[in-house]
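Spelled out from the first residue to the last, the chains are:
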Amino acid sequence: MMPYEGIALIQEKQAVVLDLGTDYTKFGFTGEAAPRCIIRSEYWCPSTRKFKRVYDYKSAEELYDNLVHMLHLLYFRHVLVNPKERKVVIVESLLTPTLFRETLAKVLFIHYEVSGVMWADSGRASALTLGTPVALVVELGARDAEVTAVVHGCPVIEAMQSQPLGARAIHDELARILDEDNGAELHLSEEDLEDIKVRACFVPPRALALRWAGEAEGGGGGGVGAEVREARRGRVLVSRRARALAAEPLFARDNELASLADMVVQCVLRCPVDARRALAANVLVVGGTAALAGLKARLADELRHVAAQPPYAERMRGVRFAFHGAPAHDSCAPWLGGALCGAALAADAARGLARDAYARARRLRDWPCLLHNTPPHHPHWALE
């Protein structure tokens, strides 16, 4: 290696890793095992004199302003670095709206003038932390639950499953039960519901949950094991039923077979036959809701039950589910995978999008776009 090449490598600074979630944002540097900061995805809006969520927008211009303020908060208050000097690794879902992706790229390249950006989908990033060629990633976010099959580093797009079974579904059920137990509409905020969920709620085994749900429908069980806690709106009764049954919407089956266990089984069945057993044996549950006590054990119990029922019993014969433990906190596993991807960005600049390339054509590569999925010698290119 020539001396000047070594100097260039020394001057290369660590890239920053951004995981901009609906409720919480993780931000930090590549080469580190945990993000530098985990904050709510909101900022203080000087015009309205209150906190505003990044995802609360009605137009592209409003989203642009939200992202500018949020990134300014991250760069200049929490990590104290110059955005022009560091590349960015963005961890996002494959189902992120195109408007959000393009607006975020516009803010980074034009407003903050970063030198390069790399996009890493959360499914592959989470699977990368395991070091296994095949993984089934179950991501429980704030609004949606997504199941992604990753086979040899490639997500199986046609097998992806997504349903509104995130933390919001648990909060809605918890609020409903609390209103019934307290005999009035409490109108608890999302912060209060999250605090009660984290401190008091758990997920019981399947047989116990069915028995407690039956007792509640029969008019009993609500006050057994009840406790009283302080909330912002005064004293709130949190019964055993509220603590144990708040997460039941994730496992409730209906005619559409849209429960969390059904999503996992359907994702496995949509994958190639030779990868199904390996996927079922390498399940990784990530996201903030994954840290709820007893959730992974309950999901394993539900999977064994659902896989033995029609219409899956015949096709799932001989398939056994096994779970991995993430090498980081469940909510930080996608971010950690993005930090690993950032090492590849430093080693090979072609993996990311440079600022000069974005200036020539302000269009991001995206899997739903036919321009990026059509082979170069396809006849359709002759139509341009």
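About the thresholds
Residues numbered from 1 in each chain as written. Predicted model: local features only at pLDDT ≥ 70, side-chain atom pairs only at ≥ 80, totals over all residues. Heavy atoms only, no water. UniProt positions renumbered as here; feature names shortened; annotations may be inferred. Axes fitted to C-alpha atoms, helices over the stretch in contact; angles between N-to-C directions. Helix = DSSP H or I, 4+ residues; strand = E, 2+ residues; numbered from the N terminus. Parallel < 35°, antiparallel > 145°, perpendicular 65-115°, else oblique. Left-handed = near helix turned anticlockwise from the far one by under 90°. Contact = heavy atoms within 4.5 Å. Buried < 20%, exposed > 50% of the residue type's maximum accessible area, 1.4 Å probe, protein only. Salt bridge = Lys/Arg side-chain N within 4 Å of Asp/Glu carboxyl O.

- Per an unreviewed UniProt entry, the chain is named Actin-related protein 10, and its organism is Iphiclides podalirius.
- The UniProt entry for the chain carries the following comment under Sequence similarities (unreviewed entry): "Belongs to the actin family."

Re the packing of helix α2 (residues 60-79) against helix α3 (residues 98-111)
Right, so step 1: Where α2 contacts α3, the axes come no closer than 9 Å and their chain directions differ by 55°. The angle between the axes of α2 and α3 places the two elements in the oblique class. Pair α2 / α3 crosses with right-handed handedness. Listed contacts from α3 to Ala60, Leu63, Tyr64, Leu67, Val68, Leu71 and Tyr75 of α2 are Leu99, Phe100, Thr103, Leu104, Lys106, Val107, Leu108 and His111.

Thoughts on the environment of Ile90
Right, so step 1: Within the secondary structure, Ile90 is located in strand β6 (residues 88-92).
Right, so step 2: Judged by its relative accessible area of 3%, Ile90 is buried.
Right, so step 3: C-alpha separation for the pair Ile90 and Phe27, spaced 63 residues apart in sequence, amounts to 9.7 Å.
Right, so step 4: Setting aside residues up to four positions removed in sequence, Ile90 forms contacts with Leu18, Leu104, Leu108, Val117, Met118, Trp119 and Ala120.

Here we look at the pattern of salt bridges
Close approach of charged atoms allows side chains of opposite charge to pair.
Right, so step 1: Per the stated rule, a full pass over the model turns up 23 salt bridges.
Right, so step 2: A salt bridge links Arg101 to Glu92; its shortest N-O distance comes to 2.7 Å. Take Arg101 and Glu92: they sit in the same class, and that class is buried.
Right, so step 3: The residue Glu302 makes a salt bridge to Arg206 at a minimum N-O spacing of 3.5 Å. Pair noted here: Glu302 is in helix α11 (residues 295-307) and Arg206 is in helix α7 (residues 206-217), with a separation of 96 residues, a long-range link.
Right, so step 4: The exposure class assigned to Glu302 is buried, which follows from its relative accessible area of 4%.
Right, so step 5: Take Arg206: its relative accessible area is 22%, and that puts it in the partly exposed class.
Right, so step 6: Linked through salt bridges whose partners overlap, the residues forming this network are Glu173, Arg176, Glu180, Asp181 and Arg241.

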